Amino acid sequence: MLAEEGVQSLLLEGGPTLAAAFLEADLVDKLLLFVAPLLGGVGPLALGPLPEPRRLTRFGARPVGDDILLSGYVHEP
């Protein structure tokens, strides 16, 4: 496993299907989501379907340039 090799953090970039798969497999501890002030009207959702809602703790929001960074923990560190 990566943790045995000293890896403490991993960035997962991909589409909604990949993100939902990692959440469903319970492999996500912290979620970071950038929201831009742009409405496109089309395109994929941020996440694919989940079997049940997931509650985030230590939820926060802060501006980063023109965007907003949303963050929260699925599992507390």
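The structure we're discussing is the one just above.
Source: prediction; values computed, not measured.

A. Region of the structure containing the pairing of strand E3 (residues 67-73). Judged from the six bridges that link them, strand E1 (residues 30-35) and E3 form a sheet pairing that is antiparallel. Across the sheet, Lys30 pairs through a bridge with Tyr73, a residue of E3. Sheet analysis places strand E2 (residues 57-64) next to E3, joined by six bridges and oriented antiparallel. Directly across from Thr57, in E3, lies its bridge partner Tyr73.

B. The arrangement of the sheet that holds E3 in detail. Strands sit in the order E1-E3-E2 across an open sheet of three strands; the sheet is antiparallel. Only two strands of the sheet have a single partner each, and these edge strands are E1 and E2. The mean angle between the axes of side-by-side strands here comes to 15 degrees, regardless of whether they run parallel or antiparallel.

Conventions and cut-offs
Residues numbered from 1 in each chain as written. Predicted model: local features only at pLDDT ≥ 70, side-chain atom pairs only at ≥ 80, totals over all residues. Heavy atoms only, no water. Pairing = 2+ DSSP bridges. Helix = DSSP H or I, 4+ residues; strand = E, 2+ residues; numbered from the N terminus. Axes fitted to C-alpha atoms, helices over the stretch in contact; angles between N-to-C directions.

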